[in-house]
Amino acid sequence: MTRIILTEFINLLGGSMRILLIHSDHLKYQTKSKTRIAEKISEEKKKGEFENALVVFTAVEKEDEEKPEEVVLNAVKEINDVFGNVKAENIVIYPYAHLSSSLGSPEAAKNILANLESKLVQKNLPVSRVPFGWYKSFEVSCKGHPLSELSRSITPELSQVEEKTDEEKGEKSKFFILNEGKLIDPNKFSYNNQDLKKLVDYELGRGESSGKEPPHVKIMREKKLADYEPSADVGHLRWYPKGRLIRDLLSDYVYTLVTDRGAMPVETPIMYDLADDAIRVHAEKFGERQYRMGGGKKDLMLRYACCFGAFRVLSDSFLTWKNLPVGIYELSTYSFRLEKKGEVVGLKRLRGFTMPDLHTVCADLSQSLEEFQDQIEMCKKTGEDLDVNYEVILRATADFMQENKDWINHAAAMIGKPVLLEILPERKHYWICKMDFAAIDYLGRPIENPTIQIDVESGERFGITYIDPEENEHHPIILHCSPTGSIERVICSLLEKSALDMKEKAPMLPLWLTPTQVRIIPIAERHLGFATKLAEELRDAHIRVDVDDRPETVGKKIRNAGGEWAPFVVVIGDRELDGAELTVNVRETGQKVSMGLQELIDIIRLETKGMPYRPLPLPLNISRRVNF
RNA sequence: GCCUUAGUGGCUCAGCCGGUAGAGCGAUACCUUGGUAAGGUAUAGGCCGGGGGUUCGAAUCCCCCCUAAGGCUCCA
């Protein structure tokens with residue numbers, strides 16, 4: 001690992017002292033033989049071992065010879081800063097010529113390093129220096145935390161330290177609250193909406209952490225929706241019938257939502273050949289976070305979204321201006337992202353997840369902006385249908401912002417409440433503008449759900465073209481949109497919301513997503529026949545119903561029905577047998593209501609109107625049900 | 001990936017200065033045929049996360065690994 005980083009680092013050429021800082025559990029070295037430029041050392045310096053050490057691999061370059069004092073001062077400052085941050089116990093200066101391709105003279109280097117050592121000693125720091133000019137064997141074990149590997153170029157300019165980590169950091173984004181066309185400093189905005197405040201706090205990196213477990217994890221297991229699968233990789237779930245039902249209903253929902261608006265469903269492979277240049281370049285942006293597959297002759301990666309499949313379909317299609325805009329939709333069962341282990345949590349962050357992915361090909365920017373607005377409406381609608389509150393972040397590059405101020409204002413106004421606006425100084429990724437919708441979880445942290453992005457790179461990269469009325473070829477602009485965000489995160493949001501509700505009322509899922517909509521409880525065995533007949537009628541009316549036929553007390557069966565969040569519970573005894581109305585326990589209100597069967601059917605039909613339906617894929621009788 | 005904490009019947013947990021593995025819920029059987037949030041009795045169920053070590057003896061002590069939660073970082 002260390003070797004890889006060293007090699008990469010050498011490629012960052014320039015002129016100035018090069019240091020590579022490794023916070024290590026231990027460093028061990030042993031001198032082997034002298035070179036011509038070896039410094040004289042005592043016997044005890046010939047080997048050394050250090051625990052919890054900040055190892056400073058250092059190369060002195062030609063340029064440093066001009067202003068050695070300044071270089072040393074700046075290096076001392078930098079090393080001291082990092083030392084304080086990582087809380088190491090030792091500092092070890094390790095001459096490492098291979099960091100530079102423009103080395104200074106050995107004499108100058110020896111002086112600078114010795115000087116560096118003595119300056120650090122003056123600051124009472126526990127510093128040691130490894131001998132210069134010897135061939136040495138060494139062993140270093142890197143701790144691996146975020147600050148444990150840093151590389152720096154130290155220049156002679158006073159207190160100017162050029163930071164060169166793996167990721168070149170440019171200018172920072174600017175954040176505003178955008179409300180009714182006005183930009184307001186997030187720190188000065190008076191928040192009526194606590195969810196927006198939580199989102200802003202989190203985005204600006206000052207969300208407080210309560211150290212609690214997100215409640216949806218417990219609920220998803222308790223309700224037998226899903227569970228971890230220990231025999232798979234971390235972050236891959238097994239889904240039980242009730243969870244699978246909810247997933248299927250959500251899939252049906254998004255399918256209808258997008259196809260109603262003209263998108264065409266496709267299905268594409270889950271793995272791609274990295275020999276394809278476009279795929280490789282696009283995939284490289286995802287860096288370490290891809291699942292790779294070897295085995296055969298090909299180097300394959302598992303898809304992290306449907307982009308590749310959609311782009312390949314589009315680039316092989318013959319598109320004309322008459323076709324545009326055109327949407328291609330796919331539900332990625334599954335998408336794969338090799339998230340870091342510590343980042344994987346419940347339904348919120350997975351390595352294998354299901355993402356509705358809509359790609360819309362637009363002729364030009366103005367067409368894409370129009371489509372974008374339609375998609376804002378679509379995303380808003382999902383929040384209403386799922387009964388989840390979204391807060392919105394609008395992100396744009398400075399250029400885009402400049403040229404499309406009115407549109408930005410209009411897009412924000414469509415949300416109908418203040419939104420967080422991030423302005424990026426320059427384009428970092430493939431998009432120039434995106435809108436993210438986030439639900440806020442029980443612990444006040446965002447769950448990133450729907451998203452819309454304007455992609456200005458992929459058209460060209462993947463060779464997607466269309467013909468305009470004059471028969472000229474153009475690369476289109478492509479919108480990426482997930483109207484709900486990943487199916488798992490939707491369920492996550494619903495469960496987190498129910499945990500919040502629990503403080504005030506009985507938690508439940510939206511009626512159209514609830515596995516058991518009506519639970520029928522016969523009091524004694526002689527009521528079972530009537531109960532079953534009733535259940536069959538409800539089932540024929542496309543209502544998910546079951547019968548608790550177990551020989552238990554009514555009290556216990558009521559309690560169990562509550563535990564399953566059944567929105568309607570009907571108790572059947574002699575009174576009902578005699579033709580009286582049904583007594584229905586309504587979970588939402590906690591009331592017992594008398595009504596006829598048809599009335600119950602109508603209530604449910606009305607509340608689930610326009611939403612997808614699937615039958616309950618479980619035995620009608622609870623006694624026959626598998627306990628997962 | 002790193003730091004911290006945890007892993008004991010299906011679930012929630014007790015036991016943990018080493019000496020035969022416990023409870024409640026759930027499951028099964030029987031009794032009870034009941035009217036709105038746990039009826040009664042009995043029974044079964046455990047490689048104490050995995051591997052190695054220390055010891056006459058390990059759920060318990062030590063080391064490594066796996067898994068989970070929290071934190072750091074990150075979701076292009």
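What you see is a predicted model; the values in this text were computed from it and never measured.

### Details of the overall build of chain A
For chain A, the helix and strand inventory stands at 17 helices and 30 strands. Overall, the C-alpha framework of chain A stretches about 105 × 70 × 60 Å when taken along its three principal axes. A total of 628 residues make up chain A; the buried ones form 52% of that total. Excluding contacts between residues fewer than 6 apart, the proportion of contacts in chain A whose partners are at least 24 apart in sequence is 75%. Placing the 86 positive and 99 negative side-chain charges of chain A at their respective mean positions leaves the two points 6 Å apart.

### A few points about the sheet that holds strand E22 (residues 446-455)
Overall, mixed pairing links the 10 strands, which are arranged E9-E8-E20-E19-E21-E22-E25-E18-E17-E12 in an open sheet. Sheet topology places strand E9 (182-184) and strand E12 (264-265) at the edges, where each strand pairs with a single neighbour. Seen against the sheet, helix H6 (residues 241-260) touches E12, strand E17 (326-336) and strand E18 (352-362) and runs at an angle of roughly 160° to E17. Across the sheet, helix H8 (residues 307-315) touches E17, E18, E22 and strand E25 (477-482), and the angle it forms with E18 is around 30°.

### Overview of the packing of aromatic side chains
On inspection of all chains with the given rule, the structure shows 14 aromatic pairs. One aromatic cluster is present, built from ring pairs that chain together Tyr272, Tyr304, Phe308, Phe311 and Phe462.

### Remarks on the side chain of Ser482
Within the fold, Ser482 resides in strand E25. A polar side-chain atom of Ser482 sits 2.7 Å from the main-chain carbonyl oxygen of Pro356. Separated by 3.2 Å, the side chain of Ser482 and the backbone nitrogen of Gly485 make a polar contact. When sequence neighbours within four positions are dropped, the list of residues in contact with Ser482 reads Met355, Pro356, Cys379, Pro450 and Thr451.

### Overview of the protein's contact with RNA strand B
Taken together, the neighbourhood of RNA strand B is formed by 50 residues, with Pro214, Tyr304, Arg349, His429 and Ile523 sitting nearest. Restricting attention to atoms of RNA strand B within 4 Å of the protein, one finds that 48% of them are sugar or phosphate atoms. Gly342 places a main-chain nitrogen or oxygen 3.4 Å from a base nitrogen of RNA strand B. Contacts to RNA strand B include Trp431, whose side-chain N or O atom sits 3.0 Å from a sugar or linking oxygen. Only helix H15 (554-563), helix H16 (574-577) and strand E29 (582-586) provide two or more residues apiece to the surface near RNA strand B. Here the residues of the surface near RNA strand B are counted per class, giving 15 nonpolar, 14 polar and 21 charged.

### With respect to H6
The terminal C-alpha atoms of H6 lie 28 Å apart, and with 20 residues this matches the ideal 28 Å at 1.5 Å per residue to within 8%. Among the 20 residues in H6, 14 count as buried, and that is most of the element.

### Considerations on the pairing of E22
A large share of E22 lies buried, amounting to nine of its 10 residues. Pairing geometry for strand E21 (residues 431-440) and E22, over eight bridges, is antiparallel. Bridged to Cys433 within E22 is Ile454. In this structure, the hairpin formed by E21 and E22 is closed by a connection of five residues, where Gly444 is found at a positive phi of approximately 80°. Sheet analysis places E22 next to E25, joined by five bridges and oriented antiparallel. Paired with Ile452 across the bridge in E25 is Cys481.

### Quick word on the state of the cysteines
By the definition in use, this model includes zero disulfides. In this structure Cys481 is a free cysteine whose sulfur lies 4.2 Å from that of Cys379, the closest cysteine sulfur available. Cysteine Cys492 is unpaired, with the sulfur of Cys379 as its nearest cysteine sulfur at 18 Å.

### Some remarks on the sheet that holds strand E14 (residues 292-293)
On the basis of which strands lie adjacent, the open sheet formed by three strands has the order E13-E15-E14 and antiparallel pairing. In the strand order of this sheet, the two ends are held by strand E13 (271-273) and E14, each with one partner. Pairing of E14 with strand E15 (residues 300-302), which is carried by two bridges, proceeds in the antiparallel orientation. Within the sheet, the bridge partner assigned to Met293 lies in E15 and is Leu300.

### Some details on the packing of helix H14 (residues 528-540) against helix H17 (residues 597-607)
Packing of H14 against H17 brings their axes to within 11 Å, and their N-to-C directions diverge by 35°. Note on packing geometry: the crossing formed by H14 with H17 is right-handed. Counting all contacts with H14, which are made through Leu534, Glu537 and Leu538, the residues of H17 involved are Leu597, Leu600 and Ile601.

### Brief notes about the confidence of the model for chain A
Looking at chain A, the pLDDT average stands at 87 and 93% of residues meet or exceed 70. The low-confidence segment residues 1-15 (pLDDT under 50) makes 20 contacts with residues lying over four places distant or belonging to another chain. Contacts for the low-pLDDT stretch residues 158-169, under 50 throughout, to residues beyond four places or in other chains number 18 contacts. For this predicted complex, the interface score ipTM comes out at 0.92, alongside a pTM of 0.78.

### A look at the side chain of Arg247
Inspection of the secondary structure assignment puts Arg247 in helix H6. Classification of Arg247 as buried rests on a relative accessible area of 6%. Dropping the residues within four chain positions of it, Arg247 is found in contact with Trp239, Thr333, Tyr334, Thr354, Ile487, Glu488 and Ile491.

### Details of the pattern of salt bridges
If you walk through the whole model with that rule in mind, you get 42 salt bridges. Taking the shortest distance from any N to any O, the salt bridge between Glu117 and Arg129 comes out at 2.8 Å. Of the two residues, Glu117 sits in helix H3 (residues 106-122) while Arg129 sits in strand E4 (residues 127-129), which places them 12 residues apart along the sequence. On the basis of relative accessible area, Glu117 is assigned to the buried category, the value being 18%. Residue classification places Arg129 among the buried residues on the basis of a relative accessible area of 13%. A salt bridge links Arg238 to Glu229; its shortest N-O distance comes to 2.8 Å. Using a relative accessible area of 33% as the deciding quantity, one classes Arg238 as partly exposed.

Procedures and definitions
Residues numbered from 1 in each chain as written. Chains lettered and ligands numbered in written order. Predicted model: local features only at pLDDT ≥ 70, side-chain atom pairs only at ≥ 80, totals over all residues. Heavy atoms only, no water. Helix = DSSP H or I, 4+ residues; strand = E, 2+ residues; numbered from the N terminus. Buried < 20%, exposed > 50% of the residue type's maximum accessible area, 1.4 Å probe, protein only. Contact = heavy atoms within 4.5 Å. Lys, Arg positive; Asp, Glu negative; His and termini not counted. Charge placed at Lys NZ, Arg CZ, Asp CG, Glu CD. Pairing = 2+ DSSP bridges. Axes fitted to C-alpha atoms, helices over the stretch in contact; angles between N-to-C directions. Phe/Tyr/Trp six-rings, centres within 6.5 Å; stacked < 30°, edge-to-face > 60°. Polar contact = N/O pair within 3.5 Å; in protein donor to acceptor, adjacent residues only side chain to side chain. Near = heavy atom within 4 Å. Nonpolar A, V, L, I, M, F, W, Y, C, P; charged D, E, K, R; others polar. Expected span 1.5 Å × (residues − 1). Disulfide = S-S within 2.5 Å. Left-handed = near helix turned anticlockwise from the far one by under 90°. pLDDT = per-residue confidence, 0-100. Salt bridge = Lys/Arg side-chain N within 4 Å of Asp/Glu carboxyl O.

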